[in-house]
Each structure stands twice: as C-alpha cells, then as structure tokens.
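Spelled out from the first residue to the last, the chains are:
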Amino acid sequence: MITIAMFLVLLFANDQLSFSEAQLRFGFYSKTCPSAELIVHNIVQQAITRDPGNAAVLLRLHFHDCFVEGCDGSILIKHDANDDERFAGGNAGVGGFDVVDEAKAELERICPGVVSCADIVALAARDAVAEAKGPFYEVPTGRRDGQIANMSNAANLPEVEDSVNILKSKFREKGLSDKDLVLLSAGAHTIGTTACFFVMPRLDAKDPTINPEFFQVLRSKCPQGGDVNVRLPLDWESQFVFDDQIFRNIKNGKGVILSDSVLYQDNDMKKTIDSYLANNRRSKANFATDFAKAMVKMSAIGVRVGVEGEIRRICSATN
Ligand code: HEM
C-alpha cells in the first residue's frame, strides 16, 4: 500500500516540469470550446498556404514565448512603450503575432473568454510542424496567460554565439536535457531562415568548422559589408520540409548558424546527432517521435494553470 509519505516522495521526485505538465491535460477545451483546436488549425493552415515561411515563424514564436516567463503568451503583449518582452534584442525577427491574433479573434467570437493565448501559440506551433510534414502530436492544454512582459526578462535567451556549455545550461535551467537541446534547436532549424546578420560574424572569423565549399556559398550570399537582412535557409536545400537533413548538414560542416554547428563539436551532442543519421534502420533514432516529445516538454515550461494568470480578451494586451 502506498503511504502518504511515499506518495509525497513520488510526487516531489518528479521535476518541476513534469509537475506543471501534469496540470495541463489533453483536450482541455473539449467541453468548453470543442472546436478550439480546429479553429487554430484552420487559421494556421491558411497562413501557411499564404506564405509557407509562416510554419517556421510560428514554431519559433513558441520557443521564444516559453523561454521567457514560461509558455504564457507574454511575448504577444504590446504596450505603448517599447520596453515589452517582444522588443528585446534576443526576440528580433520573431513573428506570427498576426496569425495568433486572427485565431484569437475567431475563438472569442465562438467561445468568448475561454481559450488562452498561450494555448493558441502552443497549438499553432504543433500545427505548423505538421503542415511542414513533421510529426503531429497531441498538445496538453489549459495554459493561462501571463500578465508580465518586461524586456529585461528576455535578456538571457540562448544566443547564436553561446558556447555549447552555455547553451546546455540555458536549456537545463528550463528543465530541458542536452538531447532536448539538439532536438529543439538544431532539430527545429529543419525549417525556416536566418538573416545574414547571424551568419556574418562566423564568416568574418573564418570559422574552420564550415565546409570550405559551403563557406564560399555562404560568403557569396552574405558578403562582407553586405546587407545583414538578406535571409538564408537554416537547413540548406530543405528549408520547407521537416526532415533530418539539418543533422546531415551539421555533420558535413554545412550548418548555417554557429549554435547549430557548435553542437557537433561536443562528443555527447555529436553522438545524439549521429543517432538520427544511423544507416541501420534498427539503430536509427526516430527524429520525428523524439522531436514531438521534446516539444511537449518545452510547451510545459513554467505554465500558469488553474486560477493563475488570466484568459486575455485580446492577445496583445492584458485584460
Ligand atoms: C540554442 C538555441 C537557439 C538559438 C541560438 C537559435 C537561434 C536562431 C537564430 C539566430 C535564428 C534566425 C533568426 C532570424 O534571422 O530571424 C533562428 C531561427 C529559427 N529558430 Fe532558432 N534558435 C534556438 C532554438 C530554437 C528552438 C528551441 C526552436 C523551436 C523549437 C527554434 C526555432 C527556430 C525556427 C523555426 C527558426 C526560423 C524562423 C524563420 O524562418 O523566421 N529555435 N534561431
């Protein structure tokens, strides 16, 4: 028989992340707003049909939301002053706000005051991955919206020039493992683009880990003193499709940004990357399955549940 003491030990043996995760649940809106997930899905699908690049934009938005103040939709808030979280340097280029606003407007029309902006962001990222031919996974819902969105809180986001150890520790601080780092950062970069701004410093420094021929390709797209806003695929030759090509590229010195390439310089990370490229089908790790698990884990970081936070009426402002 499990005693109360044993029960408490079991409960607290769970890390903080799984504790929060336990308070989210699948189909949270099944009674209160049964069409919630379908509405988000339709709007995400339309946005990606309009512009296939929106899949990557929505996936990135979820990461940037979760890493500051938890997955609470705080990145969506826009006050008059430009000191909101969304304007922090580390959030430069993050988008998808219009798609989330569109979904929220439709949800408010059908079931007012029920579906949180934080859940819309998590569901939109899930649907975006599936639209890009990645795995479809169930997302536990029930997140509530945060009310704090200070720019200064976004000062510690992972950066492209962070060392492997810094990247590992920034992920560990959020309850994410080294394997999650590989899956979520390098793995998510299987779709989307980067500005030359993030590539030029490693070209100027003649980063020796870049394949020499690929170096010339990157340099021709991002010439010294050229336009830093020119955009390049993160996953060379496979920008719109969710697949394992990004890992092959990283292995072959064709990673585009330093934070992806640097992972292959670390023995453990290298093993993880190689496991997704194994020739033997039996020993090949399943990128799609593992990515989905890591996404569910990320989507539970610091969530507000129950009576915490609020359900915003519009996603860009607290009530
Ligand atoms: C080590 C952590 C990470 C670093 C340093 C990093 C860095 C970057 C940089 C520099 C860009 C290009 C931004 C731009 O020019 O607009 C980018 C794009 C992107 N990131 Fe990350 N990232 C990290 C983790 C993640 C995670 C965890 C996800 C999602 C789970 C993600 C998803 C994306 C996507 C999809 C894009 C493409 C966005 C677009 O096409 O507009 N990243 N990332």
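Described below are features of the structure shown in this document. (Residues numbered from 1 in each chain as written. Predicted model: local features only at pLDDT ≥ 70, side-chain atom pairs only at ≥ 80, totals over all residues. Heavy atoms only, no water.)

### Observations regarding the side chain of Thr194
Here comes step 1: When you line up the elements, Thr194 lands in strand 1 (residues 193-195).
Here comes step 2: Not counting residues up to four positions away in its chain, the partners in contact with Thr194 are Val199, Val230, Arg231, Leu232, Leu234, Val256 and Ile257. (Helix = DSSP H or I, 4+ residues; strand = E, 2+ residues; numbered from the N terminus. Contact = heavy atoms within 4.5 Å.)

### Quick notes on a nonpolar patch on the surface
Here comes step 1: On the surface, Phe197, Phe198 and Val228 cluster together into a nonpolar patch covering about 250 Å² of accessible area.
Here comes step 2: Note that Phe198 resides in the loop between strand 1 and helix 9 (200-204). (Patch = residues over 30% accessible without salt bridge, like charges linked within 9 Å, V, L, I, M, F, W, Y side chains within 5 Å. Areas by Shrake-Rupley, 256 points an atom, 1.4 Å probe, with all protein chains shown as cover. Salt bridge = Lys/Arg side-chain N within 4 Å of Asp/Glu carboxyl O.)

### Some points on the layout of surface pockets
Here comes step 1: The volume enclosed by the largest pocket comes to roughly 1,100 Å³.
Here comes step 2: Forming the walls of the largest pocket are 47 residues, and the residues nearest its centre are Arg60, His64, His189, Phe198 and Ile257.
Here comes step 3: At six residues, helix 4 (residues 54-66) tops the list of elements feeding residues into the lining of the largest pocket.
Here comes step 4: Of the residues that constitute the lining of the largest pocket, the class distribution is 27 nonpolar, 15 polar and five charged.
Here comes step 5: Of the domains in this structure, domain 1 (17-157) and domain 2 (164-296) are the two that each give at least three residues to the lining of the largest pocket. (1 Å grid on protein atoms, 1.4 Å probe; cavity = no way out; pocket = protein on both sides within 12 Å on 5 of 7 lines; lining within 4 Å. Points joined across faces, edges and corners; volume = space filled by probe spheres on them. Nonpolar A, V, L, I, M, F, W, Y, C, P; charged D, E, K, R; others polar. Domains from an automatic or database assignment.)

### Focus: the site of the ligand
Here comes step 1: Neighbouring residues of the ligand: 27 residues in total, closest Leu184, His189, Thr193, Ala195 and Arg231.
Here comes step 2: A distance of 3.4 Å separates an oxygen atom of the ligand from a polar side-chain atom of Arg60.
Here comes step 3: Here an oxygen atom of the ligand sits 2.8 Å away from a polar atom, N or O, in the main chain of Ala195.
Here comes step 4: Put simply, the ligand lies in the largest pocket.
Here comes step 5: In terms of residue class, the shell around the ligand is built from 18 nonpolar, six polar and three charged. (Near = heavy atom within 4 Å. Polar contact = N/O pair within 3.5 Å; in protein donor to acceptor, adjacent residues only side chain to side chain. Sits in = over half its atoms within 2 Å of the grid points.)

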